[in-house]
Structure formats: C-alpha cells, structure tokens
Amino acid sequence: MVSEANPNPNYRKPLNAYHVGGIQVEFPYQPYGSQLVFMCRVISTLDRAQRDGHCHALLESPTGTGKSLSLLCSTLAWQQNCKLKNQLANISHSKPDTEAVTDPLANGGGFIPESQPSTIPPSTNGQTAQVAMNNKNVKKKMTPTIFYASRTHSQISQVISEYKKTAYRVPMAVLASRKHYCTNKYVRDKENIDEECKLLLGDRNLGCPQFKNVHKVRGHPSLQKGGCHEVHDIEDLVNVGQVVRGCSYYAARSMADDAQLVFCPYSYIINPVIRGAMEVDIKGAILILDEAHNIEDIARDAGSVDIDEDVLLKLQMELEQVCSVNPMIYQPLIEMTQDLVGWIERRKATLAKREFQHFFSCWTGDKALRELQEANISRQCFPILLECATKAIKEATDTESELPHLSGMSVITLEGLFSSLTYFFSRNGSHVSDYQLALQKYIKRDSKNPGGNWTHTLSLWCLNPAVVFKDVAELSLSIILTSGTLSPMNSFSSELGVQFGTCLEAPHVIDVDLQVLTSVISTGPDNYPLNASYKTADGYAFQDALGKSIEEICNVVPGQWSRLNAKKPLFVEPKGGSQEDFEIVLKHYYNSISQGSKCAVVRKKRVKREGNNDLNTIESQENANKKGASFLAVCRGKVSEGIDFSDDNARVV
C-alpha cells in the first residue's frame, strides 16, 4: 500500500487496492489467485519493456477467469504509475535548488544547472508552432498509449463494459469504420459508404454538415470527465453525434489523437494499410491483443492481397483519366497496371484445373520474383513505383484538393497491392520465400449474381505471419497477446518470429475436478465413428452418422428445427459472411433476450447431396435462464469463439 505521506495532493486512498508487481492496483472485486499472478506478469513485462526498450508477453488464461478486467486494471495502474513518476521527475528538474543559492557551501558548492529559457529566441519565432507540436508529441510519448484490440466490435463492447467496472478513468477512444459510426442519413445506408463520404467531403458546394460539427461531438459534456459517457462505446458516440448532428466517425479519430486508452479491432493495429489510413501511431505503445489465438491468420491476411482482373482494368482506366494532371505520378502506375493485365492474359492459358470450375497456378520464392519481373515489377524499379503510388494516394485522400483524383476503390486497390509488395521486397528481399504468387480462374458468385461469372484473380499471399508481426513488435513498446488457447507457446512464438520475454499458462479459477464434467460422443447411433477430419468430413457415411446423432439429441433435448421455431426465435449465423453480417444477427439475438424471449443463436451448415435432403448441423446458443433446454453442437463458427454469453445471455453447451 502507498504510505500516508503521499506527495500527490489529490491522492485518495482506494477502497480495493492491492500491491501487485511493486505498484498499487485498484481492482473492483477480491481477485482470484490466478488474476493476481496474471496482473503481476503484465506489470513485470511492462517494467522490463520500459527498461530494455521492448518486451512482449504470451498470457494464456481460460475463458471466464476475468482476463479482460485483469488486463485493464494492471495496464492502467502501470500507466498511472508511469505518469506519476514522470510528473515527479519534471518537478525535480524544473526548479533550481533554492537552498543551494542561499547556502552554497552546505549544498555542494552552489553549482546550479542552467534552467531552460522561458522564451524562444527571436530567430526561432517562426518555428514556435512546430516546437509546440513536437513538445506535445514528446509529452504523449512519455506515457505510452494503451491500444486494446479484439477480433470483433461485439468483443470490444464487452471489454468496455469491463472498463466501466474499474476505478480508472483516462481519455479514451473507440475506433471503428464509417459503417458503424456514420450519422449522415443520406450516406450511412449506401453500399460504398467510404467512397460516398469522401465524395461528399470533397464537394465544396455541399460538403457534409455532420463533418462540420465534429467539434460538437468531441466537446459534448457527456463525454467529458465525470460525464455519463466518459466511458463510452460505439453506440454511445453515435447517439451523441445524432443529438448534435455531428460526425461520430471523425470525432472518434480526433479523440484517438489524445487518448491514453484506445479500443479497436485487430486490423487497425496489424494491417499497415488500415493503420496508415486511420493514422494510428503505435510507436512506443502498449498493444493488448485479446482473444489472439488466430493472430497468425490475421497477420498473414494483412500481408496478402487479392485483386480481380476487372478491378485492375478499372484502376488502369482511372489512372489514364487523371494522368494529364500529373504524368510524373500517374504514367509509371499506368504502365505497371498494363504490364500486370498483360501478364494475366499470357498466363491464362497455362492455368491447371484444380477442382470443378476452379483453375489455378502458383509460384513461390524466386519463381514468384521472376514472374513479377516479367510484369516489370522488379526490386530495382519498385521504389519508384512506391513513391508514385504514395503520392497518388495522398492526392486522392486530400479533401481540400479540387484536382481530379482516383476513386476510393482504386485507392484501396493501390494500398493493398503496394502494402503486400513492400513486404515482399522488404529486408533486402529476404521475405521473397515467404510469399506465393497465384493466378486463379473461378466462378465468382454473390447475392446480386447467384449464377456468377468467370473471374481471374491475381493474388500475392503471405505464408509467414512473422513478416508482418515483426514490424508491429519493433514499433511498439510491448505486445501482450492473450487468449484461452495459446498453447503450445513455443510454436506460437516461433511462427510470429518474436521473442516473448513473458509466458504464462494460468489455471482456471474453478475446481476442474469438482465443478466440470466433460463427455465425448465418439460414435453415432449405428456405431459409426464421429471423426470430422479432413478425410472423412465430406463423406456421406460420416454426414449421415452426424445427422442421426443430432436427431437423437433432439429427441432428448426438445427442439427439431420446426419445433424450435415454434417455441423460440432462431438466428442463423451467416456462413462465410462478413463480420458486420454476423454482428447484426448477434444484435438481434441480444434484443430478443432483452424483450423476454426464449431464443437461440444458430450456426447452420447445409451439405447439399443428390437425392437427399439437406443435412443440418446446428450450433445453438440458448438463454439458459429460461425454461426449455437447448444444446450447442459445435462445428466451428464465430459464435463459439471468444464471445461472452453472460447472465441472461448464457448458453447450454
């Protein structure tokens, strides 16, 4: 505990304070032993990071052990302690020793270090604004910003609910897309909302009235210290934006500039294109990646790109339209797209049939390098192309420029392509072997065109997550990866290419021997093994056995599909859909519970077979507090990963 003679005049003794890792941590409840160990490891990791420049941690703690609350309290306590030490250091260095002036002999001979001049010399007055800005950045960097990232916006909302329980309050922000934040009723429901927003901002005659009121959102009293939305989520900020008719999206980005705690999805941290577009500065920051068991896939995706041939042709057309504005920028990019389109055309005849309606060819390492060189993209000319692309993107994103520029979709295409190529050529070409160049021909289907059309797609796939993750680790002060399933940690660390100075496999807070009963159904009603391996999952015998097993379970746990529909609302998780589609279904599920309905969230997989009905494997999450039991048959799916179904949202598995 902190002693009575605390130097801070505003100090208040907290009610639930615990001495953890050498600092005081306020925790809203009596912590479990595993939570204390977890917080101690977080604090020791951050202490070491501050001392050595970098230190990263792999912390595994089972679901339901209070991991998020432990992370928030320990990192915020460390950040608060860091600020206090910086303040005390500044106080001791900003004032001369008055005793040394009055009694020099008793105070080391009276040598007083020169204090900094209080005014800027006349010769540097023109640099005052820049100096002030630099000082602001230095001040911010002295206390590391905490970025708390998770996979979905639903998980972020859950973490913010945990943050509300803590005693800590720091300037915060929640970053999300325009789709989540837009308050302009004429734009928010458009399919290409990003492009519509940029077009509106670039229109000097119309403009966006909500954008002009960004300051009203950011300065709203409810968001200030002590306000009802001092701790806020996306929905709270949207509500404020609607009340003052201001833009919540740009308000959130503005708030992130000065925030000490920023919540965001993984991609805002890991993906360099999104990080740049959102102006997220992770240099010297503390990065918490929660539910990070799939972070390798996210890192690989961040270093990869897929571009359809028609998208390339559209980019080429737009580049030709704006070329006259600045040929020095656009002409090299035109030639690059022409060469890529030409390369695709030459390779179409060489594609090998992979499966029904799917043709594919790929090249790895030096072979991929030679193929790109045939498209005139070489290590020697890439820096010139990158400079041109960077300038073209800057022109397109300058809202005050009235010159013709690329559309939002073409900017996204350029950003994705050059981000992947930058990694491909980085570190003197040492990552070439970590990439695969591919060309595919397949039928592309969507909701607007169920029949689909033949499409050629150029891909540059990152095979090694370390290519992307290393850069993130080197920029940040500390990365704390947490999940309920990180083991085996040695292979996890090796795949990410980062040395983790702290590793922890925390036990569960419950007594596993006394409080958990686990059983496995290994065979179906006909004694056929329920083996869902790659070799057997598509076999009819396995599918029949699985279907009969579910049917038997339904006889014990009432609820075949039609009978379930009659008794409670069912929500189907969209198979292969976007994260936004999934979150809409989840929101309807929560709304149904709040209205008192018995309901279930369902993961439904249909396997079509000739001469047979669809086989439905169902994952249902039921409100366990209501009457009428339900079950959860897990067949992967987002609904079974890292989502907190607590209290009335609880489920039977």
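This is a predicted model, so every value here is computed, not measured.

Q: Just to check I follow, could you spell out the pairing of strand E1 (residues 17-20) for this structure?
A: Strand residues, when the strand is regular, have side chains that alternate between the two faces of the sheet. As paired elements, E1 and strand E2 (residues 23-26) share four bridges and run antiparallel to each other. Bridging from a neighbouring strand, His19 pairs with Gln24 of E2. Hairpin connection, E1 to E2: the antiparallel pair is bridged by two residues, and Gly21 has positive phi, about 60 degrees.

Q: It is not clear to me how the side chain of Ser378 should be interpreted in this structure. Could you clarify?
A: With respect to the element layout, Ser378 can be found in the loop between helix H17 (366-374) and helix H18 (382-397). In terms of polar contacts, Ser378 uses its side chain to reach the backbone amide nitrogen of Cys381, at 3.3 Å.

Q: Explain the nonpolar core to me, please; I cannot follow it from the model alone.
A: A general tendency of soluble globular proteins is for nonpolar side chains to be buried together. Among the nonpolar cores identified, the biggest contains 147 residues, and Phe263, Ile269, Ile270, Leu289, Ile295, Phe469 and Leu481 are the most heavily contacted of them. Looking at which element gives the most residues to this core, the answer is helix H16 (residues 327-347), with nine residues. Among residues more than four places away in sequence, those in contact with Leu481 are Ala57, Leu58, Leu59, Leu289, Ala292, Ile295, Phe469, Leu486, Phe492, Leu496 and Phe500. Core analysis: the second largest hydrophobic core is formed by six residues, Phe582, Val585, Leu586 and Ile593 among them.

Q: Before we go on, may I ask you to explain the pattern of salt bridges in this structure?
A: Oppositely charged side chains can form a pair if their charged atoms are brought close together. The full count for this structure, using the stated rule, is 19 salt bridges. Two residues, Arg51 and Asp52, come together in a salt bridge whose shortest N-O distance is 3.4 Å. By relative accessible area, which is 47% here, Asp52 ends up partly exposed. With its nearest N and O atoms 3.1 Å apart, the salt bridge here joins Lys348 to Glu309. On the criterion of sequence distance, the pair formed by Lys348 in the loop between H16 and strand E9 (352-355) and Glu309 in helix H15 (residues 309-322) is long-range, its members being 39 residues apart. Overall, the relative accessible area of 24% leaves Lys348 in the partly exposed class.

Q: What is the right way to look at the packing of aromatic side chains in this model?
A: Each pair of aromatic rings is reported with the distance of its centres and the angle of its planes. Under the criterion given, the structure shown has 11 aromatic pairs. Measuring from centroid to centroid gives 5.0 Å for Phe382 and Phe425, while their planes differ by 35 degrees, and the two rings are tilted. Within this pair, whereas Phe382 is found in helix H18, its partner Phe425 is found in helix H19 (residues 408-429), the two being separated by 43 residues in sequence. The residues Phe382 and Phe425 share a single accessibility class, namely buried. For the ring pair Phe424 and Phe425, a centre distance of 5.1 Å and an interplane angle of 85 degrees mean the geometry is edge-to-face. The buried category is assigned to Phe424, whose relative accessible area is 0%. A residue is classified by how much of its surface remains accessible, and Phe425, at 8% relative accessible area, is buried. These aromatic residues form a ring-pair network of at least three members: Phe382, Phe418, Phe424, Phe425 and Tyr435.

Q: I keep staring at the environment of Lys216 and nothing clicks. Help me out?
A: As for its position among the elements, Lys216 is in helix H9 (residues 214-218). Assessed through its relative accessible area of 40%, Lys216 is described here as partly exposed. Separated by 28 residues in sequence, Lys216 and Val244 have C-alpha atoms that sit 6.4 Å apart.

Q: Please explain the sheet that holds strand E14 (residues 502-505) as it appears in this structure.
A: Strand pairs in the sheet, formed through backbone hydrogen bonds, run parallel or antiparallel to each other. Strand order in this open sheet of seven strands is E5-E6-E4-E7-E13-E3-E14, and the pairing throughout is parallel. Each having just a single partner strand, strand E5 (172-174) and E14 make up the two edges of the open sheet. For this sheet, the mean angle separating the axes of adjacent strands, direction not counted, is 15 degrees. Bridge analysis of strand E3 (residues 57-60) against strand E13 (residues 478-483) gives four bridges, and the strand direction is parallel. Within E13, the position partnered with Leu59 by the bridge is Thr482.

Conventions and cut-offs
- Residues numbered from 1 in each chain as written.
- Predicted model: local features only at pLDDT ≥ 70, side-chain atom pairs only at ≥ 80, totals over all residues.
- Heavy atoms only, no water.
- Pairing = 2+ DSSP bridges.
- Helix = DSSP H or I, 4+ residues; strand = E, 2+ residues; numbered from the N terminus.
- Polar contact = N/O pair within 3.5 Å; in protein donor to acceptor, adjacent residues only side chain to side chain.
- Core = buried A, V, L, I, M, F, W, Y, C linked by side-chain atoms within 4.5 Å.
- Buried < 20%, exposed > 50% of the residue type's maximum accessible area, 1.4 Å probe, protein only.
- Contact = heavy atoms within 4.5 Å.
- Salt bridge = Lys/Arg side-chain N within 4 Å of Asp/Glu carboxyl O.
- Phe/Tyr/Trp six-rings, centres within 6.5 Å; stacked < 30°, edge-to-face > 60°.
- Axes fitted to C-alpha atoms, helices over the stretch in contact; angles between N-to-C directions.

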